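# Summary of structural features
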Amino acid sequence: MRKIYYLILLTVLVTGVSVLYANSSKADESNVKEIGTAINDVSIPGAAYGEGSNGEEWAYAVAGGSPAVFNIVNAETGESVDSFELEGADSSWALTVDPEGKVYIGSYSNGNLYRYTPGDDKVENLGKAISGESYIWRISSDEQGRIYGGTYPNGKVFQYDPETDEFRDYGQMSDGQQYARSIDIYKDKAYVGIGTNGPNLVELDIETGEKREIELPEKFDHETNVYDMTVVRDKLFARVTGVSTILVFDLKTMEIIDEIENADGLDVSPAGPKNLAFLIIDGELHSYNLQSLELTPTGFDNLFSARGLGWINIGGKEYPGKTLVGITWNGDIRHYNPITGNHRIVPGQIDGQPVDIQSLAQGPNGNIFVGGYFSGGLAEYDYENDQLTEYKGMGQIEGMATHGDTLYMGVYTGAELFSYDPNQAYEYGTNPAKHFELKDQDQDRPFALVSAGDKLAVGTVPDYGKLGGALTIFDPMTEEYEFHRNIVENQSIISLEYKDGLVYGGTSVWGGLGIQPSEEEAKLFVWDVENGQKDYETVPVPGEKAISALTFDDEGYLWGLTSGVLFKYDPEQGEVLEEKELYSLDWGQVGHLWRGGFLTYDEDGNLYGQTHGELFKVDPDTLEHETLVDDALLFAEDGEGNFYFARDHKLYKYER
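Conventions adopted
- Residues numbered from 1 in each chain as written.
- Predicted model: local features only at pLDDT ≥ 70, side-chain atom pairs only at ≥ 80, totals over all residues.
- Heavy atoms only, no water.
- Helix = DSSP H or I, 4+ residues; strand = E, 2+ residues; numbered from the N terminus.
- Rg over C-alpha atoms; globule rule 2.2 N^0.38 Å.
- Buried < 20%, exposed > 50% of the residue type's maximum accessible area, 1.4 Å probe, protein only.
- Contact = heavy atoms within 4.5 Å.
- Lys, Arg positive; Asp, Glu negative; His and termini not counted.
- Charge placed at Lys NZ, Arg CZ, Asp CG, Glu CD.
- Pairing = 2+ DSSP bridges.
- Axes fitted to C-alpha atoms, helices over the stretch in contact; angles between N-to-C directions.
- Salt bridge = Lys/Arg side-chain N within 4 Å of Asp/Glu carboxyl O.
- Phe/Tyr/Trp six-rings, centres within 6.5 Å; stacked < 30°, edge-to-face > 60°.
- Lys NZ or Arg CZ within 6 Å of the ring centre and 35° of its normal.
- pLDDT = per-residue confidence, 0-100.
- Core = buried A, V, L, I, M, F, W, Y, C linked by side-chain atoms within 4.5 Å.
- Patch = residues over 30% accessible without salt bridge, like charges linked within 9 Å, V, L, I, M, F, W, Y side chains within 5 Å.
- Areas by Shrake-Rupley, 256 points an atom, 1.4 Å probe, with all protein chains shown as cover.
- Polar contact = N/O pair within 3.5 Å; in protein donor to acceptor, adjacent residues only side chain to side chain.

## A closer look at the overall build of the chain
- Helix and strand counts for the chain stand at zero helices and 59 strands.
- The globule rule puts the C-alpha radius of gyration for 656 residues at 26 Å, and the 25 Å found for the chain is close to it.
- Expressed as lengths along the three principal axes of its C-alpha atoms, the size of the chain is roughly 75 × 50 × 50 Å.
- Within the span of the chain, comprising 656 residues, buried residues form 62% of the whole.
- For the chain, restricting intrachain contacts to residue pairs at least 6 apart in sequence, the fraction spanning at least 24 positions comes to 50%.
- Positive and negative side-chain charges in the chain, numbering 47 and 111 respectively, have mean positions lying 7 Å apart.

Laid out in structure tokens, this is it:
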């Protein structure tokens, strides 16, 4: 079973970038071939439950895709009832059912609110909740049917009033915090979970707009977020990450009356029979007595997290009275009956959606390997036989590299390292196999990987709300690794190259999401692998905030690419010999940049790469720049020298 940490899965390559193309000739598409959609998958971030127009028991879930699809599923049988595309939306963590049974959906990356009325043949797009906000994380309804939601990137809360069809902006909940990650309503108060630069819990008066922060125990000061929020009767369940502890508040006094450790999230169920709520702890469903605060395992395990929980009536001897229902990441339906203890998993009829491409690399067999965004997944394109093969199980692959006869993959979250031997049968957990993770070291996104002699070097971006990436040197023979953080103080490592016992690394001033950089300029560093120490660091291009790609030419010069500036570096002299701005960029408009370009030196003596939405060619002698393909993201080269790039979920080939 795929292991996924349900943290915020936002991986924007460049946010709010202003791009001007300089001195580049426009390209035709005569050499471009569409390979097709590489990965299809079902990914359900959030769900809700309610009655259909004739009293049917329905589950509502949004499957991420291009675009996202709102699904209505029979909550008892898993059969599909209907589905609707959410135009402009990528997916949704945010669904709720109002007192009238209407379903509201908050989306990303467009930040719109949608509404579905059971029995209708359409979904209404109610528009953007707050200008400038691209994510709606979670939503909840009050007793009057007004909808409340938290947003990113400014950590705001909104109200939607269906009577007036108007949105109200309550503003930012906590100064400097970008994520209003969770929300629920109790009487005239909204409780909002904030992060990622430390966890905050805010009480918002939904009438006056007044806010007050609810103090959390000091021991949670260095954690990340109040990630989940559920009101159950007069109790508030607030899960703090990354310790994954639920704080239980008495809503009458706002005192903490219990702490539940190792909770998986994302939700606690509404109250059911015998005053019991249900939640998942360490992969097993537990009941929680709302009066005695007693936790009891149910024996229903291997569940990981819950995508919303609700109650339905199935009936019969095995499932009498109320039955707990939940939906999984892949759309299957779980049932648990608290009277009999019977439980089951019913396949959900939710179609997989095309998955946007997140990473590309040449494998040890010369084929092109493709990693999927958010839903994850891995695909292989056999260029000799023109065949795509999709493999299930992998999470979101940020970067890949070939080392010997093995493909290594850096996976978000927790900076996990996997390896895959394409000459052996694919079997997730065995091949590919996981070697380590760096979650405990506050690392999250492994974008940069390079073969470094008999070892593998991995560069990472830190966790949410953290600064300071790391260089990790992995020995495949011994399975041991050396971890080195802050090689360049408070900067992430986003590009790597290797030559003659030395690893060359490029940095980004940005750390994890939710925190501002402390440094002004990106650096190039050199690491001695054998001695385990940094030889030196330098600023190759003053004013540039990221070095996104590095490659050596046949004369031993190192070429680098910031976002739009190409530079030539002499490792012997330790100085930049030449530089040229290929594309201009206003760094003041960039939210963060972890991966802005790709660069390779080809045997024909030219530099090739991708940045600013173009596949390009540069003559290293004259620095003349030619655009090969417009509207191109990512870059890889197959065993015959053909180039590959992505457009959303489709893989393309540039034939040479």
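Additional details are given in the paragraphs that follow.
## Some thoughts on the sheet that holds strand E45 (residues 502–508)
- Strand order in the open sheet formed by four strands is E44-E45-E46-E47, with antiparallel pairing between adjacent strands. What marks the edges here is a single partner per strand, and that holds for strand E44 (492–499) and strand E47 (533–538). Neighbour-to-neighbour, the strand axes of the sheet open up by a mean angle of 25 degrees, direction not taken into account.
- Sheet topology note: the strand E46 (residues 524–528)/E47 ladder contains five bridges and is antiparallel. Its bridge partner lying in E47, Trp 527 is registered against Lys 534.

## Thoughts on the pattern of salt bridges
- Tallied over the entire structure, the rule returns 30 salt bridges.
- For the salt bridge of Lys 650 with Glu 34, the shortest nitrogen-to-oxygen distance reads 3.2 Å. Highlighted residues: Lys 650 in strand E59 (residues 650–654) and Glu 34 in strand E2 (residues 32–37), separated in sequence by 616 residues.
- Two residues, Glu 207 and Arg 146, come together in a salt bridge whose shortest N-O distance is 2.9 Å. Remark: Arg 146 occurs in the loop between strand E12 (135–141) and strand E13 (147–152) and Glu 207 occurs in the loop between strand E18 (200–205) and strand E19 (211–214); sequence separation between them is 61 residues.
- With relative accessibility at 43%, the residue Glu 207 sits in the partly exposed group.
- Given the relative accessible area of 10%, Arg 146 is considered buried.

## What to know about the sheet that holds strand E34 (residues 378–382)
- Across the sheet, which stays open at both edges, the four strands sit in the order E32-E33-E34-E35 with antiparallel pairing between neighbours. A strand with exactly one partner marks an edge of an open sheet, and here the two such strands are strand E32 (357–362) and strand E35 (387–391). On average, each strand axis in the sheet is tilted by 20 degrees relative to the strand beside it, whichever way the strands run.
- In terms of strand pairing, E32 meets strand E33 (residues 368–372) through five bridges, oriented antiparallel. Pairing of Ile 357 across the sheet is with Gly 372, part of E33.

## Observations regarding the packing of aromatic side chains
- Summed over all chains, the structure comprises 39 aromatic pairs.
- When the centroid spacing of 4.4 Å and the interplanar angle of 35 degrees are considered together, the rings of Tyr 152 and Tyr 179 count as tilted. With Tyr 152 in strand E13 and Tyr 179 in strand E16 (residues 179–186), this pair connects stretches of sequence that are 27 residues apart.
- For Tyr 152, a relative accessible area of 8% puts it in the buried group.
- A relative accessible area of 0% means that Tyr 179 is categorised as buried.
- Ring geometry for Phe 158 and Phe 167: centres 5.9 Å apart, planes at 70 degrees, overall edge-to-face.
- Residue Phe 167 is classed as partly exposed on the basis of its relative accessible area of 26%.
- Through pairs of rings, three or more aromatic residues link up here, namely Trp 93, Tyr 108, Tyr 135, Trp 137, Tyr 152, Tyr 179, Trp 329, Tyr 373, Phe 374 and Tyr 464.
- Here the basic side chain of Arg 344 rests over the ring of Tyr 319, its NZ or CZ set 4.5 Å away from the ring centre.

## Digging into the confidence of the model for the chain
- Per-residue pLDDT for the chain has a mean of 94; in total, 96% of the residues score no lower than 70.
- Contacts of residues 1–25 to residues separated by more than four positions or lying in other chains number 106 contacts, the stretch itself having pLDDT below 50.

## A look at the nonpolar core
- Core analysis: the biggest nonpolar cluster contains 28 residues, and Leu 360, Val 370, Leu 615, Val 629 and Leu 651 have the highest contact counts within it.
- Broken down by secondary-structure element, the contributors of at least two residues to this core are E2, E32, E33, E34, strand E56 (625–630), strand E57 (633–637), strand E58 (643–647) and E59.
- Looking at this core element by element, the count peaks at four residues for E58.
- Excluding residues that lie within four positions of it along the chain, Val 629 makes contacts with Ala 27, Glu 29, Val 32, Gly 613, Glu 614, Leu 615, Phe 645, Arg 647 and Tyr 654.
- Residues Tyr 135, Phe 447, Tyr 464 and Ala 546 belong to the second largest nonpolar core, which totals 25 residues.

## A few points about a negative patch on the surface
- Together, Glu 213, Glu 215, Glu 218 and Asp 221 make up a region of like negative charge exposed at the surface.
- Note on placement: Glu 218 falls in the loop between E19 and strand E20 (225–232).
- What makes Glu 218 exposed here is its relative accessible area of 67%.

## A closer look at the pairing of strand E7 (residues 80–86)
- Looking at chain direction, strand E6 (residues 68–74) and E7 are connected through six bridges and run antiparallel. Considered in E7, the bridge of Asn 71 is made with Ser 83.
- Joining the antiparallel neighbours E6 and E7 is a turn of five residues, in which Gly 78 adopts a positive phi near 80 degrees.

## Brief notes about the side chain of Ser 140
- Note on placement: Ser 140 falls in strand E12.
- At a separation of 2.7 Å, a polar atom in the side chain of Ser 140 contacts the side chain of Asp 184.
- Excluding residues within four positions of it along the chain, Ser 140 makes contact with Thr 96, Arg 146, Ile 147, Tyr 148, Ile 183, Asp 184 and Ile 185.

## Thoughts on the environment of Arg 115
- Along the chain, Arg 115 falls in strand E10 (residues 112–116).
- In this structure the C-alpha to C-alpha distance between Arg 115 and Gly 372, which are 257 residues apart in sequence, comes to 29 Å.
- With residues near it in sequence (within four places) discarded, Arg 115 still touches Lys 102, Val 103, Tyr 104, Val 123, Glu 124, Leu 126, Tyr 160 and Pro 162.
- At a separation of 3.1 Å, a polar atom in the side chain of Arg 115 contacts the side chain of Tyr 104.

## Looking at the environment of His 403
- Topologically, His 403 is positioned in strand E36 (residues 396–403).
- In this structure the C-alpha to C-alpha distance between His 403 and Asp 454, which are 51 residues apart in sequence, comes to 8.4 Å.
- Residues within four places of His 403 in sequence aside, it is in contact with Tyr 408, Ser 451, Ala 452, Gly 453, Asp 454, Lys 455, Leu 456 and Pro 476.
- At 2.7 Å, the side chain of His 403 and the side chain of Ser 451 are in polar contact.

## Notes on the environment of Phe 237
- Position of Phe 237 among the secondary structure elements: in strand E21 (residues 235–241).
- In the structure, Phe 237 is positioned 14 residues away from Leu 251 in sequence and 9.9 Å away in space, judged by C-alpha atoms.
- Excluding anything up to four places from it in sequence, Phe 237 contacts Asp 228, Met 229, Thr 230, Val 232, Ile 246, Leu 247, Val 248, Ile 260, Val 268, Tyr 288 and Leu 290.

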